[in-house]
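# Summary of the model geometry
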Amino acid sequence: MPVAITLRSVTKSYSRGGETLRVLDELDLDMDAATFYALMGPSGSGKTTLLNLVGGLDQADSGVVQVGDIDLAELDGGELAQWRAEHVGFVFQGFNLLPVLSARENVELPLLLAPLSKRQRREQAERALELVGLQDRMDHKPRELSGGQEQRVAIARAIATDPQVILADEPTGDLDRNTADAVLELLQRLNRELHKTILMVTHDPQAAGYADKVIHLDKGKLGRIDDNRASSAAGGR
Amino acid sequence: MPWKLLLRNVLGHPVRSLLTVGAVTVAVFLICMLQAVTSGLSRTLDASAANRLLVQSAVSLFVDLPLAYQQKLAAVPGVEATCKWQWFGGRYEQDKGGFFAQFGIDPQTFAPSYPEMTVVAGDYAQFAATRTSCIVGEQLADKYGWKLGQTVPLGGTIFTRTDGRPWEFTIAAIYHSNSPAFDEQSLFFHFDYLHESLEQGGARGPQGVGVYMLRLAPGTDPLDVQRSVDAMFENGPQRVQTTTEAEFNRQFISMLGDVPALLRLIGGAVLFAIFFAVLNTMLLAGRERTRDLGILKALGFANGVAAWLLIGESLLLCLTGAALALGLAGALEQPFAAATATFIPGFGFDRNTLLLGGGIALVTGVVSGLLPGLRAARLGVTEALQELG
């Protein structure tokens with residue numbers, strides 16, 4: 001079931017070199033379920049921090065981060081890890097595949113945390129790889145794959161557990177244009193066909209064009225939200 | 001627990017893993033060897049008979065006692081029988097680099113005093129009746145392929161024949177021992193044959209007896225006999241020292257120094273060396289896996305899984321090394337036991353020694369994996385992912 005994401009008065013600071021840097025400042029944000037969001041802003045505007053908070057990789061200093069009906073501040077470390085395993089899929093800029101495992105084994109990793117038999121895990125991983133078009137590369141190690149293929153494996157891994165939310169941090173940052181477009185189309189398809197809520201950090205306006213909505217952050221605060229669907233409709237696309 | 005990942009991590013660095021496993025194998029094998037020697041010595045001492053005393057010169061084991069002492073010793077209350085033991089120190093003509101012990105003994109009292117010795121071939125009565133014959137241990141006979149009736153030529157080093165020829169002893173019997181305190185790698189011959197040769201000028205060498213064995217009558221207090229014997233010869237002509245067989249063996253071993261303490265020291269040093277080697281490998285592995293650990297945690301794996309991946313890897317390396325070492329110990333037990341039988345008849349990798357080897361590997365594995373494991377458990381997800389560069 002698609003989930004919405006809500007942030008209320010979220011503040012997050014980091015200490016660096018004796019100075020406290022407020023990365024997110026009383027941020028309020030509502031994200032609709034089953035919507036593809038791009039998160040843009042200059043460096044240091046808090047994009048990755050926001051992604052980490054929504055993904056439960058980090059916790060806010062104050063405020064509420066709610067994904068679906070779960071307030072993440074109420075979960076301890078172990079519960080947060082379990083929640084991530086069940087509800088969130090991550091796609092990173094550097095692909096972050098484990099080099100010693102094959103594509104299939106990488107995709108199977110998060111499934112180890114699910115109550116599945118070995119056979120079920122294998123079938124589910126293969127389905128995810130087929131979905132991203134890598135059915136003929138399942139037994140290849142990451143070093144035997146191109147950058148685009150590696151990112152598609154990472155996406156397969158992110159969707160293998162059928163999470164409601166997919167968080168992508170610069171997923172096309174290391175890819176050429178054509179490959180990047182293929183990966184973005186794949187994310188768009190996951191949103192449209194499987195109704196995943198996707199939050200993607202990007203610097204690339206072209207990549208942001210694939211999203212339904214673009215959230216602009218500036219110095220830890222919400223700048224504006226552009227609705228690509230509305231502008232497409234207005235432009236007669 | 002992603003076991004496959006653990007295994008792949010180990011196999012992912014084959015040279016490093018092989019070297020670490022090799023180091024553990026050598027270390028565990030060495031520790032098992034040292035322990036086998038220590039417990040072998042201990043078994044030898046433990047198996048020493050309580051009803052036998054040994055009388056030697058109070059000056060040194062290398063100083064002979066007068067022949068006349070035997071009659072006086074036999075008259076001491078509580079002494080049932082006496083037997084001479086004279087170290088011969090001959091060199092086997094067919095294997096001059098080899099070594100085995102030879103003793104001149106009294107055949108009449110020797111066998112009844114050592115019930116742990118069983119004749120498995122030949123006839124002890126024939127040995128007792130034939131002055132130039134000998135009885136040899138089963139292992140010694142097997143080692144040189146000796147058969148009954150065969151002559152064993154021994155070149156004298158302490159006792160030399162005046163005609164320049166080697167001594168010749170005919171094998172009349174072969175014995176088996178069921179006690180680790182009594183080895184199967186010795187040759188025993190008639191003391192009288194040696195003595196008469198010396199008396200008649202057929203041979204040169206010191207005249208006297210190295211050690212007298214006293215067999216005690218049942219119910220005799222060894223301490224009483226010890227005191228009586230020592231007191232009897234207090235004023236000479238040759239002062240004696242009387243000890244139990246266990247004490248005699250202990251003193252014999254201690255001529256090399258405090259062997260068990262030395263072996264324990266070496267074992268401890270080996271243990272430390274291997275611990276640091278495995279710890280170094282695991283710290284390196286832990287640093288290298290920061291990225292992978294961050295990914296696993298982001299995917300939802302708990303901190304404990306991250307820790308166990310490294311502890312498990314350490315355990316896998318150490319236990320593989322231990323398994324190889326114990327296999328090696330099993331394969332080499334017989335050759336080692338044969339090589340050390342003269343000095344350590346009780347040598348052997350017993351269950352406790354093997355458990356010690358396995359236990360050391362287990363503890364080394366856990367402790368070496370613990371430090372990088374704890375670091376992995378404490379590693380923050382964002383911190384780990386930031387190290388991606």
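Whatever comes next refers back to the structure up there.
Below you will find a few notes about this structure. (Residues numbered from 1 in each chain as written. Chains lettered and ligands numbered in written order. Predicted model: local features only at pLDDT ≥ 70, side-chain atom pairs only at ≥ 80, totals over all residues. Heavy atoms only, no water.)

This paragraph deals with the pairing of strand E2 (residues 19-31) of chain A. Residues and elements named next belong to chain A. Across nine bridges, the pairing between strand E1 (residues 5-16) and E2 is antiparallel. Counterpart to Ile5 in the pairing with E2 is Met31. Hairpin connection between E1 and E2: a loop of two residues separates the two successive antiparallel strands, and Gly17 in this loop has a positive phi of roughly 55°. (Pairing = 2+ DSSP bridges. Helix = DSSP H or I, 4+ residues; strand = E, 2+ residues; numbered from the N terminus.)

Another point: unusual backbone geometry. Residue and element names in this part refer to chain A. Phi at Glu26 is positive, roughly 50°, even though this residue is not glycine. Looking at the secondary structure, you find Glu26 in strand E2. Of note in this structure, Asp162 is not a glycine but carries a positive phi near 55°. With respect to the secondary-structure elements, Asp162 resides in the loop between helix H5 (147-159) and strand E7 (165-169).

On to the packing of helix H2 (residues 14-46) of chain B against helix H12 (residues 303-340) of chain B, then. A pair of packed helices can be characterised by two numbers: the angle between their axes and the separation between those axes. All names here are of chain B. Relative orientation of the contacting elements H2 and H12 amounts to 45°, with a least axis distance of 7 Å. The orientation of H2 relative to H12 falls into the category oblique. In this structure, H2 crosses over H12, and the sense of that crossing is right-handed. Mapping the contact onto sequence places Ser17, Thr20, Val21, Val24, Thr25, Val28, Phe29, Cys32 and Met33 in H2 and Leu317, Cys318, Thr320, Gly321, Ala322, Leu324, Ala325, Leu326, Leu328, Ala329, Leu332 and Phe336 in H12. When the residues that make up the contact of H2 with H12 are grouped by side-chain class, the tally is 16 nonpolar, five polar and no charged. (Axes fitted to C-alpha atoms, helices over the stretch in contact; angles between N-to-C directions. Parallel < 35°, antiparallel > 145°, perpendicular 65-115°, else oblique. Left-handed = near helix turned anticlockwise from the far one by under 90°. Contact = heavy atoms within 4.5 Å. Nonpolar A, V, L, I, M, F, W, Y, C, P; charged D, E, K, R; others polar.)

We now examine the interface of chain B and chain A. With 18 residues of chain B at the interface, the matching set in chain A holds 23 residues. Together, the buried faces of chain B and chain A total about 1,800 Å²; carbon and sulfur atoms form 66% of this surface. A salt bridge links Arg8 of chain B to Glu105 of chain A; its shortest N-O distance comes to 2.5 Å. Along the contact surface separating chain B from chain A lie five residue pairs in polar contact (both at pLDDT 80 or more). Of all elements in the fold, only helix H1 (3-11), helix H11 (290-299) and helix H14 (381-386) of chain B reach the threshold of two or more residues within the side of chain B that touches chain A. For the side of chain B that touches chain A, the element with the highest residue contribution is H11 of chain B, accounting for seven residues. Residue composition of the side of chain B that touches chain A, grouped by class: 10 nonpolar, three polar and five charged. (Buried area = accessible area lost by both parts, 1.4 Å probe. Salt bridge = Lys/Arg side-chain N within 4 Å of Asp/Glu carboxyl O. Polar contact = N/O pair within 3.5 Å; in protein donor to acceptor, adjacent residues only side chain to side chain.)

Looking now at the sheet that holds E7 of chain A. Residue and element names in this part refer to chain A. Taken together, the six strands give an open sheet; going across it, the order is E6-E7-E8-E3-E9-E10, and neighbouring strands pair in mixed fashion. Edge strands, defined here as strands with exactly one partner in the open sheet, are strand E6 (88-91) and strand E10 (221-227). Each neighbouring strand pair of the sheet contributes to a mean axis angle of 20°, computed without reference to strand direction. Two elements, E7 and strand E8 (residues 197-201), share five bridges in a ladder whose sense is parallel. In the sheet register, Ile166 faces E8, and the bridge partner there is Ile198.

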